[in-house]
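Observations on the three-dimensional arrangement
The chain contents come next:
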Amino acid sequence: MYDVTIIGGGVCGAAVAMYLSKYDIKCCLLEKENDVALGTAKANSGIIHAGYDPEPDTLMARLNVRGVDLTEEICRNTGVPYRKVGSTVIAFDAKDEEHLVKLYDRGVENGVRGMELWDKQTLLSREPNLSPDVVGALYAPSAAVVNPWRLCLAMCETAAENGVEFYLDSEVTAIEKYAGTFKITAGGRQFDTRYIVNAAGLYADKVAELVGAKDFEIFASKGQYYLLDTTSNWLVNTVVFQCPTEKGKGVLVAPTAEGNIIVGPNAEKNNERDDVSTTREGLEFVANEAARTTKMIDYRENIRSFAGLRATSDKKDFIIGESELCRHFINVAGIKSPGLSSAAAIGEYVVEVIEDCGLIMSEKEEWRWAKAPIWFARLSNEEKAELCNKNRKYGNIVCRCNMVTEGEILDALNTHIKPRTLDGIKRRTGSGMGRCQGGFCGSKVHEIICKYYGIPAEKVLWDKQDTYIVAGKVGENE
Amino acid sequence: MTERDIVIIGAGPAGLAAAVAAYQAGVRDILLIERDVEAGGILNQCIHNGFGLHRFGEELTGPEYAARYIDMLGDTSIELKLGATVVSIEDKVVSAVSEANGFEQFRAKAIILAMGCRERNRGPIFLPGARGRGVYTAGAAQRYLNIDGYLVGKRVVILGSGDIGLIMARRMTLEGAHVLAVAEIMPYTNGLSRNVVQCLEDFDIPLYLSHTVTNVLGNGNVEGVVISEVDENRRPIPDTEKYFECDALLLSVGLVPENELSRQAGVALDRRTNGAIVGEDMQTSISGIFACGNVLHVHDLVDYVSAESERAGRNAAQYVLSGGRDSNEERCYIYNGENVSYTVPQSLTVQNIEKSVDIFFRVRQKFRVCEIIVEAEGEKLASFKREFLAPAEMQKITMPRVLLDRAEGKNITVSVVERSDIQ
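Here the structure is a predicted model, which means the values were calculated and not measured. (Residues numbered from 1 in each chain as written. Chains lettered and ligands numbered in written order. Predicted model: local features only at pLDDT ≥ 70, side-chain atom pairs only at ≥ 80, totals over all residues. Heavy atoms only, no water.)

**Looking at the overall build of chain B**
When you go through chain B residue by residue, the secondary structure sums to 8 helices and 30 strands. Against the compact-globule benchmark of 22 Å for 423 residues, chain B has a radius of gyration of 22 Å, which places it among compact chains. When the backbone C-alpha atoms are referred to their principal axes, chain B occupies close to 65 × 60 × 40 Å. Sorting the 423 residues of chain B into buried and exposed places 61% on the buried side. Taking contacts inside chain B between residues at least 6 apart in sequence as the whole, the part at least 24 apart equals 63%. Accessible area for chain B stands at about 16,400 Å²; split by element, carbon and sulfur atoms hold 47% of it. In chain B, the 43 positive side-chain charges and the 57 negative ones have mean positions that sit 2 Å from each other. (Helix = DSSP H or I, 4+ residues; strand = E, 2+ residues; numbered from the N terminus. Rg over C-alpha atoms; globule rule 2.2 N^0.38 Å. Buried < 20%, exposed > 50% of the residue type's maximum accessible area, 1.4 Å probe, protein only. Contact = heavy atoms within 4.5 Å. Areas by Shrake-Rupley, 256 points an atom, 1.4 Å probe, with all protein chains shown as cover. Lys, Arg positive; Asp, Glu negative; His and termini not counted. Charge placed at Lys NZ, Arg CZ, Asp CG, Glu CD.)

Laid out in structure tokens, this is it:
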């Protein structure tokens, strides 16, 4: 019997798992895919918002601002790529400037620290490549950029390090209520549990329906992006937003934690929950919007276009708390923007929620962060030399674009939540994420996976279930 | 840190030819650094024939062509370091790591950049649609097939008519895959004419010119692609969609010189070639750093890579033996005139040219009969009549020193004009 079962291995599920792992309870996490961080977590802007956007006195406002500090702490301790670059919301006219003042006031009320209102001259001295049409900006130094799937992975690894059990390929298909507890069927197994945390992201309403507690609805909203090569890193220094409209926070131009430039997203409502295709129209819209911010984007430097799905709901605020329709069933749903920024704080808060529901827990005496992975490319020459001397596998560079070594790939394979796919290795090490997009290293990583698991090349997956990289061996075709 | 006369980065066709030529020119201390486990570069996966007609007067396969040069290393003192990746070049100090030797540094008198190129992937061409498994660059699919022995798909569509795509259309057909279509966004093919005939026409593989992929379908795995005709601005024309059910889409949409190390070393790059700006001696903007092969500009034939790299090797040797002569002084520049997309070299030091200099360039469009004009600030120095020029085929003119002297140090422009009046 588990005390708590978390459904969903995205950032929220990961955060809940990590904060629960500090307590002496029996906990597991069920994920329907073959890896964690495969939904919204892996395709979003990667921004830790300062917290001036949400309406005061909402969960969003409180958790966003708290999340800023917690995320920084997690990244610092677990080696997640993170940079506190600050953000600017730029104004193009007097109406926008009025809006900046409103955001500033809201930020103060929400507890955002260090904000400044900049005039045109200050803005252009800090962001010289912006459009000359700008008239001013709201600057918030506490905003940061983070690698979102690495944040999710680091929280999962930390949870696993401290005893949370992870079950992949475990889609929840039935939940039975039985004598005040739950019997979950997932991936052909039964899980008995006293509490459920529903962090199923885009499918949270479907999971709630399984216990007859669907009192909200989830809509997938698609956002498309460009990711530019690190050679474009001179473009902007901060996360540059345009003034938000009723449709959302608009198209941003921002550095990423690894030094690329990200441009996007648009917002397409009522999308299918599994459709992450990009469209010509969507990407053209993003480019046109971004052109208002800066005319200096060179799209020849685009190394990847992608789309992500946000789990929006029919409620204004996040849906977090025990369901009114089902005892001991705790929803963490409708986690739209600023969801990534709030995720860590959501995890911390859900612990309180579960305690309030009556689960008695006490903090463990020993608890530790997951080990920060080695990031070879960022080491000094002396550190590289020393590391190679210790283990020569760090001398074998597999991904030339991002300088990822075989040593780092083997480290990734030796974690708690073992990657079994090419993309699983990519998310953990950055191999194949550079300018050639795996053109050169794909087959090498493929070979390392075969060797590590002792499986033939035909059995290796590219990403999700059934995505076998090769279609057959030469000579076997009819 | 060890001191070396010449360090060459990359032991593909460019690095091999440069090493051999530098040795023949009298330098004995040459280090050739290669990240792969064997020398030869991309030639090792190019198992088709057609290499070496110009250089060796016979048709060789890629591995055979590479073997010719690897054999030439045989009794020289050139050191070939395999499995070693260069991670930085700073002030002519080359840092490399390898499984065998860990982290090493070499201070070089001269460096030859011969890192080759990479394939353009779906990012820069804004390929829309699903992002599931099944979209591969043609070269990656070629590696899977020719080195590892696996097919990446059984029903295949190819986007782009670059040579690797054409070669792969034939190769996958021969291995039993069904190649349904080759779509090319331009109104002409991007590969050599002989490859269009031998790889597509001979196998009845349809080539759709002025077409591009406008959607990729399939969740998780590619299940089909849609191609559409494009207008003169390369925008898809509505209602011209054709659907192909397939499990793989290969991209053969161009090659990009891999100049990350060059950029980091501070070498000035040409936005048109994506390679270094060089003089007739293949020296870059940094004294003692030379560049050759596909890292400089993308070639059609390996034979031309060898010839260019031998020139780089000889000049690097001369640089070392003469104690470091910087050719960057007193250079005149070669500008791209009408219908010329780039030239290599981009600059000349006329007094260093003995008899003549070869200028390589590409045209922007197809020409049947045309005139190539070389002028110096309006004054015509030379003109050449040519037939059947195409962007896919690199052109060469040989400019004699006596004609270049007439420019008197002024910058030179190369242009091409259509001449339907001459036969």
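**Considering the overall build of chain A**
A tally of helices and strands in chain A yields 12 helices and 23 strands. Taken over C-alpha atoms, the radius of gyration comes to 22 Å for chain A, in line with the 23 Å a tight globule of 478 residues would show. Across its three principal directions, the C-alpha atoms of chain A cover 60 × 60 × 50 Å. Taking all 478 residues of chain A together, 60% fall into the buried category. In chain A, 72% of the contacts between residues at least 6 apart in sequence involve partners at least 24 apart.

**Here's the deal with the pairing of strand 1 (residues 2–9) of chain B**
Residue and element names in this part refer to chain B. A large share of strand 1 lies buried, amounting to 6 of its 8 residues. Judged from the 7 bridges that link them, strand 1 and strand 8 (residues 102–113) form a sheet pairing that is parallel. Looking at the pairing, Thr2 lines up with Phe106 of strand 8. With helix 1 (residues 13–24) bridging strand 1 and the parallel strand 2 (residues 30–33), this β-α-β connection has right-handed handedness. (Pairing = 2+ DSSP bridges. Right-handed = clockwise from strand over helix to strand, strands pointing away.)

**Some remarks on the nonpolar core**
A general tendency of soluble globular proteins is for nonpolar side chains to be buried together. Ranked by internal contacts, the top residues of the largest apolar core, which has 64 residues, are A:Val4, A:Ile6, A:Leu20 and A:Ile354. By size, the runner-up hydrophobic cluster in this structure holds 63 residues, among which are B:Leu16, B:Ile89, B:Cys292 and B:Met394. (Core = buried A, V, L, I, M, F, W, Y, C linked by side-chain atoms within 4.5 Å.)

**Topic: the interface of chain B and chain A**
Between chain B and chain A, the residue contacts involve 52 residues of the former and 56 residues of the latter. A combined buried area of about 4,500 Å² lies between chain B and chain A, and 51% of that area is made up of carbon and sulfur atoms. Of all residues in chain B, B:Glu99, B:Arg131 and B:Tyr150 bury the most surface against chain A, accounting for 17% of the area lost on that side. Across the contact surface, chain B and chain A share 6 salt bridges. Across the pair B:Glu260 and A:Arg435 runs a salt bridge whose closest N-O atoms are separated by 3.3 Å. Viewed at the interface, chain A and chain B are joined by 22 residue pairs in polar contact (both at pLDDT 80 or more). Only strand 6 (84–90), strand 7 (93–98), strand 8, strand 9 (117–119), strand 10 (135–137), helix 3 (138–148), strand 11 (150–151) and helix 6 (260–265) of chain B provide two or more residues apiece to the side of chain B that touches chain A. Among the elements that take part in the side of chain B that touches chain A, helix 3 of chain B stands out by supplying 5 residues, more than any other. (Buried area = accessible area lost by both parts, 1.4 Å probe. Salt bridge = Lys/Arg side-chain N within 4 Å of Asp/Glu carboxyl O. Polar contact = N/O pair within 3.5 Å; in protein donor to acceptor, adjacent residues only side chain to side chain.)

**A closer look at the sheet that holds strand 8 (residues 144–146) of chain A**
Residues and elements named next belong to chain A. Across the sheet, 3 strands lie side by side as 3-8-4; this open sheet has antiparallel pairing. Each edge of the open sheet is held by one strand with a lone partner, namely strand 3 (47–48) and strand 4 (82–83). In the sheet, strand 4 pairs with strand 8 via 2 bridges, with the strands oriented antiparallel. Across the sheet, the residue bridging to Tyr82 is Val146, located in strand 8.

**Structural notes on the packing of aromatic side chains**
Residues and elements named next belong to chain A. Applying the stated criterion to the full structure yields 14 aromatic pairs over all chains. Through pairs of rings, three or more aromatic residues link up here, namely Tyr2, Tyr167 and Phe191. Directly above the ring of Phe440 sits Arg400, whose terminal nitrogen or CZ lies 3.5 Å from the centroid. In this structure, Arg420 packs its charged tip against the face of Tyr453, placed 4.2 Å from the ring centre. (Phe/Tyr/Trp six-rings, centres within 6.5 Å; stacked < 30°, edge-to-face > 60°. Lys NZ or Arg CZ within 6 Å of the ring centre and 35° of its normal.)

**Notes on the sheet that holds strand 17 (residues 242–245) of chain B**
Residue and element names in this part refer to chain B. An order of 15-16-17 is seen for the 3 strands of this open sheet, with the pairing classed as antiparallel. Looking at the sheet topology across the chains shown, the edges are occupied by strand 15 (211–217) and strand 17. The mean inter-strand angle of the sheet, taken between neighbouring strand axes irrespective of direction, is 25°. (Axes fitted to C-alpha atoms, helices over the stretch in contact; angles between N-to-C directions.)

**What about the pattern of salt bridges?**
Taken as a whole and judged by the stated rule, the model has 47 salt bridges over all chains. When the shortest N-O distance is used, the salt bridge between B:Asp5 and B:Lys109 registers 2.9 Å. Of this pair, B:Asp5 sits in strand 1 while B:Lys109 sits in strand 8, and the two are 104 residues apart along the sequence. Through salt bridges that share partners, A:Asp229, A:Arg400, A:Arg435, B:Arg35, B:Arg118, B:Glu258, B:Glu260 and B:Arg263 make up one connected network.

**Here we look at the pairing of strand 5 (residues 87–91) of chain A**
Residue and element names in this part refer to chain A. Summarising burial for strand 5: 5 of the 5 residues are buried, a large majority. Of the two faces of strand 5, both are covered, the one formed by Ser87, Val89 and Ala91 as well as the one formed by Thr88 and Ile90. Summarising the sheet, strand 5 and strand 7 (residues 136–140) pair through 5 bridges and their orientation is antiparallel. Pairing of Ala91 across the sheet is with Gly136, part of strand 7. Sheet topology places strand 5 next to strand 14 (residues 239–242); 4 bridges connect them, and they run parallel.

**Quick look at helix 5 (residues 193–200) of chain B**
Every buried residue of helix 5 of chain B is accounted for by B:Asn195, B:Val196, B:Cys199 and B:Leu200. Angular distribution of buried residues about the axis of helix 5 of chain B spans 105°; they occupy a single face of the element. (Arc of directions from axis to C-beta.)

**Topic: the side chain of B:Asn294**
Residue and element names in this part refer to chain B. Note that Asn294 resides in the loop between strand 22 (289–291) and helix 7 (302–321). Of note is the side chain of Asn294, whose polar atom sits 2.9 Å from the backbone nitrogen of His299. Setting aside residues up to four positions removed in sequence, Asn294 forms contacts with Gly116, Cys117, Pro257, His299 and Val305.

**Considering helix 11 (residues 422–429) of chain A**
All names here are of chain A. Among the 8 residues of helix 11, 8 are classified as buried, and the element is accordingly described as predominantly covered. Along helix 11, the residues classified as buried are Leu422, Asp423, Gly424, Ile425, Lys426, Arg427, Arg428 and Thr429. In the segment just after helix 11, Gly430 is the residue with positive phi, at about 85°.

**Comments concerning the packing of helix 12 (residues 442–453) of chain A against helix 3 of chain B**
Between helix 12 of chain A and helix 3 of chain B, the least distance of the axes is 10 Å, while the angle of their chain directions is 50°. It follows that helix 12 of chain A is oblique to helix 3 of chain B by the angle criterion. Of the residues in helix 3 of chain B, those touching helix 12 of chain A at A:Gly442, A:Ser443, A:His446 and A:Glu447 are B:Arg143, B:Tyr144 and B:Asp148. Of the residues that constitute the contact of helix 12 of chain A with helix 3 of chain B, the class distribution is 1 nonpolar, 3 polar and 3 charged. (Parallel < 35°, antiparallel > 145°, perpendicular 65-115°, else oblique. Nonpolar A, V, L, I, M, F, W, Y, C, P; charged D, E, K, R; others polar.)

**Some thoughts on the confidence of the model for chain B**
Taken residue by residue, chain B gives an average pLDDT of 95. The fraction at 70 or more is 98%. Two numbers describe this predicted complex: its pTM, 0.96, and its ipTM, 0.94. (pLDDT = per-residue confidence, 0-100.)

**Some points on empty space enclosed by the protein**
In this structure the tally under the stated criterion is 5 cavities of 30 Å³ or more. The calculated volume of the largest cavity comes to roughly 490 Å³. Looking at the largest cavity, it is lined by 30 residues, and the ones nearest its centre are A:Gln437, A:Gly438, A:Trp462, B:Asn121 and B:Val135. Mapped by element, the contributors of at least two residues to the lining of the largest cavity are strand 18 (302–313), helix 11 and helix 12 of chain A together with strand 10 and helix 3 of chain B. Of the residues assigned to the lining of the largest cavity, the class counts are 11 nonpolar, 12 polar and 7 charged. Here the second largest cavity defines a volume of roughly 60 Å³. Lining of the second largest cavity is provided by A:Asn396, A:Ile397, A:Val398, A:Arg400, A:Lys444, B:Arg35, B:Gly83 and B:Thr85. Partitioning the lining of the second largest cavity into residue classes produces 2 nonpolar, 3 polar and 3 charged. (1 Å grid on protein atoms, 1.4 Å probe; cavity = no way out; pocket = protein on both sides within 12 Å on 5 of 7 lines; lining within 4 Å. Points joined across faces, edges and corners; volume = space filled by probe spheres on them.)

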